[in-house]
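Below, each chain spelled out in residue letters.
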Amino acid sequence: MKKRLMLFVVCLLLLTGCGRLQETEPEEDQQDDTPVQIGLVFDSFVIERWQKDRDVFVSTAKEYGAEVNVQNANGDIDTQISQIRYLIKKKVDVLVVVCIDSDGLADVITEAKDAGIRVIAYDRMIKNADVDLYISFDNEKVGTLMGEALVQAGLPNKKVLMLSGPTADNNVSQVEKGFCTVMGENGIEIVGSMHADGWKPELAYDYINEHPELLDGLDAIMCGNDSLATSAVRALAEKRLASKIRIVGQDAELEACQRIVEGTQVMTVYKPVEKLAQAAAVYACQMAGGEGISTDRTEYDGTYDVPAVVLEPIAVNADNMQDVIINSGFHLEEEVYLNVRD
Ligand code: BGC
């Protein structure tokens with residue numbers, strides 16, 4: 001196993017741009033070929049991106065000789081806690097967790113750490129848990145990019161609505177912070193806001209239908225992700241407002257990219273999840289091999305400063321769709337332009 005660690009330094013450097021990893025010395029060859037066991041615990045696979053996260057993580061870990069046990073809690077925190085306990089019992093070497101509730105896992109993570117298991121908080125911070133590594137995107141910047149795109153597109157009435165994900169997801173407040181700062185700096189009023197429990201897209205549709213008064217003179221809707229945006233645009237389309245009220249989201253889901261080239265969404269934020277998943281898998285294998293890790297920064301989890309790797313999100317609009325989304329292979333050109341080209 002450790003033989004493969006010689007590749008880690010180069011890979012992590014390329015993936016995350018974290019300079020200090022370069023200092024890690026390659027391991028001496030050793031004979032231990034027992035496969036590393038990684039437990040990979042997801043919130044759910046309802047949102048398009050997570051299947052990509054899973055597939056890239058699993059295939060990267062396999063390349064390094066590790067075995068991955070994937071669990072899906074279908075959005076239920078008690079199920080997620082039981083799944084983590086099951087993986088602790090199975091004595092996995094490393095746990096990689098996409099938490100459902102950032103405040104709800106500290107105790108079970110302590111159980112894992114007491115059992116000698118290293119823990120990675122993947123994409124979402126697990127608060128007050130002192131995880132061994134937090135790896136995510138700059139979520140505040142996601143919100144900043146959304147806000148800047150709307151300001152650039154023009155907000156004549158200075159009125160926007162915010163349809164976010166659940167407050168249980170630590171990323172949500174970070175995105176909102178970035179977004180609200182840009183709105184504040186530009187004198188834009190946030191006329192209403194909603195937090196979709198469990199990231200359920202239909203809640204955006206319901207909210208718009210239940211608050212028709214907010215649509216009067218509304219310039220734009222910030223959607224916490226592209227699935228919420230899909231649902232919001234459906235509600236707007238039924239009211240013939242689809243291209244009148246500007247929409248932003250994140251994840252660069254295929255439908256969102258299609259809407260961008262069609263003109264019913266201003267932008268999305270692309271987060272290269274392949275990079276995230278690859279880097280996390282490499283870190284997990286490195287940790288399992290007994291390696292120390294070194295990152296350029298830390299992130300506060302509410303109690304502890306934990307080692308952190310934070311990747312850059314990228315704003316995508318109709319102008320850079322080709323460059324960012326198609327040339328990177330994230331989506332196929334014919335799929336993105338399906339409805340606008342013959
Ligand atoms: C992620 C988003 C994702 C959302 C719903 C958030 O924590 O940052 O990319 O769309 O969860 O799964």
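Refer to the structure above for everything that follows.
The written sequence of each chain sets the order in which its residues are numbered from 1. It should be noted that, the model being predicted, local features are given only for residues of pLDDT at least 70 and side-chain atom pairs only at 80 or more, the latter also being counted only at that level, while totals for whole chains, interfaces and linings use all residues. Think of the side-chain values as coming from all heavy atoms in the structure, minus any hydrogens and water.

Engineer: Where do I start with the sheet that holds strand β1 (residues 37-42) in this structure?
Structural biologist: The strands that make up a sheet pair up through hydrogen bonds in the backbone, lying either parallel or antiparallel. One requirement defines pairing of two strands: DSSP has to find at least two bridges between them. Segments assigned H or I by DSSP are reported as helices when at least four residues long, segments assigned E as strands when at least two residues long, and all are numbered from the N terminus. The strand order across the open sheet built from seven strands is β2-β1-β3-β4-β5-β12-β11, with neighbouring strands paired in mixed fashion. Since the sheet does not close on itself, it has two edges, and those belong to β2 (67-72) and β11 (297-300), each with one partner. Neighbour to neighbour, the strand axes of the sheet diverge by 30 degrees on average, direction disregarded. Pairing of strand β3 (residues 94-97) with strand β4 (residues 118-122), which is carried by four bridges, proceeds in the parallel orientation. In the sheet register, V97 faces β4, and the bridge partner there is A121. Against the sheet, helix α2 (residues 49-63) engages β1, β2, β3 and β4, with an angle of about 180 degrees to β1. For every element, the axis is a line fit to its C-alpha atoms; helices are fit only across the contacting stretch, and the angle between N-to-C directions ranges from 0 to 180 degrees. Only heavy atoms matter for contacts: two residues are in contact if any of them lie within 4.5 Å across the pair.

Engineer: How do you make sense of the site of the ligand when you look at a structure like this?
Structural biologist: Any residue with a heavy atom lying within 4 Å of a molecule or strand is counted as near it. By nearness alone, every residue bordering the ligand is listed as I47, R49, W50, D123, R124, D169, N171, W199, N225, Q250, D251 and K271. In the analysis that follows, any N or O atom pair within 3.5 Å is treated as a polar contact, provided that within protein one partner can donate a hydrogen and the other can accept it, and provided that, for residues neighboring in sequence, both atoms belong to side chains. Taking W50, its side chain carries an N or O atom lying 2.8 Å from an oxygen atom of the ligand. Within the side chain of D169, a nitrogen or oxygen atom sits 2.5 Å from an oxygen atom of the ligand. Computed with the Shrake-Rupley method and a 1.4 Å probe, the accessible areas treat only the protein chains shown as cover for residues. Protein chains bury 99% of the 310 Å² of accessible surface belonging to the ligand in isolation. Here the residues of the shell around the ligand are counted per class, giving three nonpolar, three polar and six charged. Polarity classes work like this: nonpolar for Ala, Val, Leu, Ile, Met, Phe, Trp, Tyr, Cys and Pro, charged for Asp, Glu, Lys and Arg, and polar for all others, with Gly in that last group.

Engineer: Would you mind going over helix α8 (residues 226-238) with me for this structure?
Structural biologist: Two residues of an α-helix separated by three or four positions point the same way, owing to the 3.6 residues in each turn. Expected helix span is computed as 1.5 Å times (number of residues minus one). Here α8 spans 18 Å end to end across 13 residues, near enough to the 18 Å set by a 1.5 Å rise per residue. Residues of α8 that are buried include every one of D226, S227, L228, A229, S231, A232, V233, A235 and L236, and no others. If you check the start of α8, you find a side-chain oxygen 3.2 Å away from the backbone N of S227, and it comes from N225. Among the residues trailing α8, R240 stands out with phi positive, at a value near 55 degrees. Each residue gets one of three labels from its accessible area relative to the maximum for its type: buried under 20%, exposed over 50%, partly exposed in between, using a 1.4 Å probe on protein chains only.

Engineer: What is the right way to read the nonpolar core from this model?
Structural biologist: Generally speaking, nonpolar side chains in soluble globular proteins are found buried as a group. Core analysis: the largest hydrophobic core is formed by 48 residues, its most contacted members being F57, I135, M321 and I325. Among the elements that make up this core, the one with the highest residue count is helix α10 (residues 273-288) (eleven residues). Look past the residues within four positions of M321 in its chain and what remains in contact with it is C257, I260, V261, V316, I326, V336 and Y337. Of all hydrophobic cores here, the second largest spans 25 residues; its members include I88, V119, I126 and A308. As used here, the term nonpolar core means buried Ala, Val, Leu, Ile, Met, Phe, Trp, Tyr and Cys residues forming a set that is joined through side-chain atoms within 4.5 Å.

Engineer: Can you help me understand the side chain of D53 in this one?
Structural biologist: Structurally, D53 can be placed in helix α2. A relative accessible area of 0% means that D53 is categorised as buried. Leave out the neighbours within four places in its chain, and D53 touches F42, Y122, V273, L276 and A277.

Engineer: Would you mind going over the pairing of β3 with me for this structure?
Structural biologist: Side-chain direction in a regular strand flips from residue to residue, so the side chains alternate between the two faces of the sheet. The alternating pattern of β3 places V94 and V96 on one face and L95 and V97 on the opposite face, and all of these are buried. Judged from the four bridges that link them, β1 and β3 form a sheet pairing that is parallel. Of the residues in β3, the one forming a bridge with I38 is V94. A crossover connection joins β3 to the parallel β4 through helix α4 (residues 106-114); in handedness this β-α-β unit is right-handed. Handedness of a crossover is defined as follows: orient the strands so they point away from the viewer, and if the path from the first strand over the helix to the second runs clockwise, the crossover is right-handed.

Engineer: Help me understand α4 in this model?
Structural biologist: Among all positions of α4, only A106, V108, I109 and A112 are buried. Along the long axis of α4, the arc covered by the buried residues comes to 165 degrees, so they all point the same way. Counted as exposed and oriented over 90 degrees from the buried face of α4: D107 and D114. On the buried face of α4, the contacting elements are α3 (77-89), β3 and β4. Positive backbone phi, approximately 85 degrees, marks G116, located one or two places after α4. The arc in question is the one traced by the directions running from the helix axis out to the C-beta atoms.

Engineer: How do you make sense of the layout of surface pockets when you look at a structure like this?
Structural biologist: Any empty space left between the atoms is revealed when a probe the size of a water molecule rolls over them. A 1.4 Å probe that fits into a set of points on a 1 Å grid over the protein atoms alone but cannot get out defines a cavity; an open set with protein on both sides within 12 Å along at least five of seven lines defines a pocket, and lining residues are those with an atom within 4 Å of a point. Grid points are joined across faces, edges and corners, and a volume is the space filled by probe spheres set on the points. Here the largest pocket defines a volume of roughly 530 Å³. Residue lining of the largest pocket: 33 residues in total, with D43, R124, P166, G198 and W199 positioned closest to the centre. Elements supplying a minimum of two residues to the lining of the largest pocket: α2 and α6 (170-185). For the lining of the largest pocket, the leading source of residues is α6, giving four residues. Classifying every residue of the lining of the largest pocket gives twelve nonpolar, ten polar and eleven charged. As a volume, the second largest pocket reaches approximately 170 Å³. Of all elements in the fold, only α5 (139-153) and β13 (314-316) reach the threshold of two or more residues within the lining of the second largest pocket.

Read these as geometric descriptors, not functional statements.
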